[in-house]
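Descriptive structure summary
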Amino acid sequence: MNKTKTFLIAVAVMSLMACGGNKTERKAEPIAVETETVKAGSDLQGRTYVGVVEEESATSISFTGAGTLTRVYVEEGQAVRAGQLIAEMDKTQAQNMLAAAEAQMKQANDALARMKQLHDNGSLPEIKWVETQSAVEQAQATLDLAKKTLADCSVRTPVSGIIGKGVKEAGETVLPALPVASVLNINKVRIVVSVPEKEIANFTPKTPTTISVEALGGRTYQGGTITKGIEADGTTHTYDIKIHLQNTDHGLLPGMVCQVKVNGSTAAAQMSVPITAVQQNAQGKKFVWAVKDGKAHRSIVTIGRASGNRIAIEEGLTEGDVIIIEGYQKLSEGVEVKNRQL
């Protein structure tokens, strides 16, 4: 009986030793995490906006005086050259003023010729001679003004371009500085796009864009330099950007609606990570969990501007690094992880 009991005790001790050995040899299971490979890119890449074509500049054509339009020589959409006659207004009053001024000028010159003989003979007081000369100068000034008034009854365009909307018609009354027509410069155009305020900072002067115009059968253009507005719309909280384009064939016309796609910008390219992936240590430094050789390590980073649910990383990561974006709550330095790529 004692031998049997001793044998059983020995077997139990050996089993316990064996179990203990197996327990020390077992490794902790790697923590399952979701990861993301860091890459440089633009927050805007692939986004599409609606834009409207706008002329590069517009010149208003107007008379300097008031009157009634008698003839208009242009119509909307017509191409014009610098110096071309645009419109005329009633010249009757101006022509009468010119006739009166010419008669006054003739009278003044006649008086000057008669007074000159007396002055040369020394029989004309000097003051009379000065008055006669002054009368000639006044008549000349009146004549010049009358000629200008008559010339101002016709208006010409100072620039070349395309006639825009709002052309006045014969018979209408015009006033000084009231536009009769406008000449649009469309050799260059601007695509005006409203951009949400949270996205405006992503645009740079060199952000590449592609413009597609449905009115031209889907014709596409590569966008040029971008300028940004400095004042937001108080209602929609959007900013206007203007994309400048060459339009030598005048295919793009003011008012056309187009689709503006952002191609992604090397100038604005930067690395970004989900905001939730950025943690803070006891010293107040920002870090992310990075995967190296299958283990989790803290990488201290310098963050930049946030956009949506992502935040820019200015320092601390390089393109191609793998960071943990889900499952980091249970991590500690050097812990093995299961790298499940998104």
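Residues numbered from 1 in each chain as written. Predicted model: local features only at pLDDT ≥ 70, side-chain atom pairs only at ≥ 80, totals over all residues. Heavy atoms only, no water.

This part is about the overall build of the protein chain. Summing up its helical and strand segments, the protein chain has three helices and 23 strands in all. Residue pairs in contact within the protein chain that sit at least 24 positions apart in sequence constitute 73% of those at least 6 positions apart. Taken as a whole, the protein chain presents about 20800 Å² of accessible surface, with 53% of it coming from carbon and sulfur. (Helix = DSSP H or I, 4+ residues; strand = E, 2+ residues; numbered from the N terminus. Contact = heavy atoms within 4.5 Å. Areas by Shrake-Rupley, 256 points an atom, 1.4 Å probe, with all protein chains shown as cover.)

What follows covers the environment of Leu178. The residue Leu178 is located in the loop between strand 9 (173–174) and strand 10 (179–196) in this model. When the C-alpha positions of Leu178 and Gly65 are compared, they lie 9.5 Å apart, and in sequence the two are 113 residues distant. Excluding its chain neighbours within four sequence positions, the residues that come into contact with Leu178 are Ile61, Ser62, Lys168 and Thr173.

So, on to the confidence of the model for the protein chain. For the protein chain, the average pLDDT comes to 86, and 87% of its residues sit at 70 or higher. Looking across the protein chain, the model is least confident in helix 1 (residues 2–25), with a mean pLDDT of 52, and most confident in strand 6 (residues 85–89), with 95. The low-confidence segment residues 21–25 (pLDDT under 50) makes zero contacts with residues lying over four places distant or belonging to another chain. (pLDDT = per-residue confidence, 0-100.)

Before going further, it helps to spend a moment on the packing of aromatic side chains. If you walk through the whole model with that rule in mind, you get two aromatic pairs. Plain terms: the ring middles of Phe287 and Trp289 are 5.7 Å apart, the flat faces sit at 85° to each other, and that makes the pair edge-to-face. Trp289 gets classed as buried once you look at its relative accessible area, which sits at 4%. Sitting above the plane of the Phe287 ring, Arg298 keeps its charged end 5.5 Å from the centroid. (Phe/Tyr/Trp six-rings, centres within 6.5 Å; stacked < 30°, edge-to-face > 60°. Buried < 20%, exposed > 50% of the residue type's maximum accessible area, 1.4 Å probe, protein only. Lys NZ or Arg CZ within 6 Å of the ring centre and 35° of its normal.)

The next subject is helix 3 (residues 126–151). Relative to the 38 Å expected for 26 residues at 1.5 Å per residue, helix 3 spans 38 Å between its end C-alpha atoms, a close match to the ideal helical length. Along helix 3, the residues classified as buried are Trp129, Thr132, Val136, Ala139, Leu143 and Ala146. Summarising the contacts, the buried residues of helix 3 are in contact with helix 2 (92–120). (Expected span 1.5 Å × (residues − 1).)

Moving on, we get to the nonpolar core. Ile191, Val193, Ile211, Ile241 and Ile243 are the most contacted members of the largest nonpolar core, which totals 24 residues. Residue assignment for this core shows that the elements contributing at least two residues are strand 3 (48–62), strand 10, strand 11 (209–213), strand 14 (238–246) and strand 15 (257–262). Leaving out residues up to four positions away in the same chain, Ile191 has contacts with Gly51, Val52, Val53, Ile211, Ile241, Lys242, Ile243, Leu245, Cys258 and Val260. Leu69, Met89, Cys153 and Val174 belong to the second largest nonpolar core, which has 16 residues in total. (Core = buried A, V, L, I, M, F, W, Y, C linked by side-chain atoms within 4.5 Å.)

Within the secondary structure, Arg47 sits in the loop between strand 2 (40–41) and strand 3. Dropping the residues within four chain positions of it, Arg47 is found in contact with Glu199, Val260, Lys261 and Val262. A polar contact of 2.7 Å, which involves the side chain of Arg47, links it to the side chain of Glu199. (Polar contact = N/O pair within 3.5 Å; in protein donor to acceptor, adjacent residues only side chain to side chain.)

Attention now goes to the pattern of salt bridges. In this structure the tally under the stated criterion is twelve salt bridges. Put simply, Glu36 and Arg310 hold a salt bridge, and the shortest N to O gap is 2.8 Å. Of the two residues, Glu36 sits in strand 1 (residues 31–37) while Arg310 sits in strand 21 (residues 310–315), which places them 274 residues apart along the sequence. Salt-bridge contacts for Lys242 lead to Glu54; the nearest nitrogen and oxygen are separated by 3.9 Å. Of this pair, Lys242 sits in strand 14 while Glu54 sits in strand 3, placing them 188 residues apart in sequence. The partly exposed category is assigned to Glu54, whose relative accessible area is 25%. Connected via shared salt-bridge partners are Glu54, Arg190 and Lys242. (Salt bridge = Lys/Arg side-chain N within 4 Å of Asp/Glu carboxyl O.)

Relative to strand 19 (residues 295–300), strand 18 (residues 286–292) runs antiparallel, the two being bridged by six bridges. Across the sheet, residue Phe287 finds its bridge partner in strand 19, namely Ile300. (Pairing = 2+ DSSP bridges.)

Within the element layout of this structure, Glu55 appears in strand 3. Arg190 is the oppositely charged side chain nearest to the buried, salt-bridge-free Glu55, at an N-O distance of 5.8 Å. Sequence-distant contacts of Glu55, defined by excluding residues within four places in its chain, comprise Leu184, Asn185, Ile186, Lys188, Arg190 and Pro254. (Lys, Arg positive; Asp, Glu negative; His and termini not counted.)

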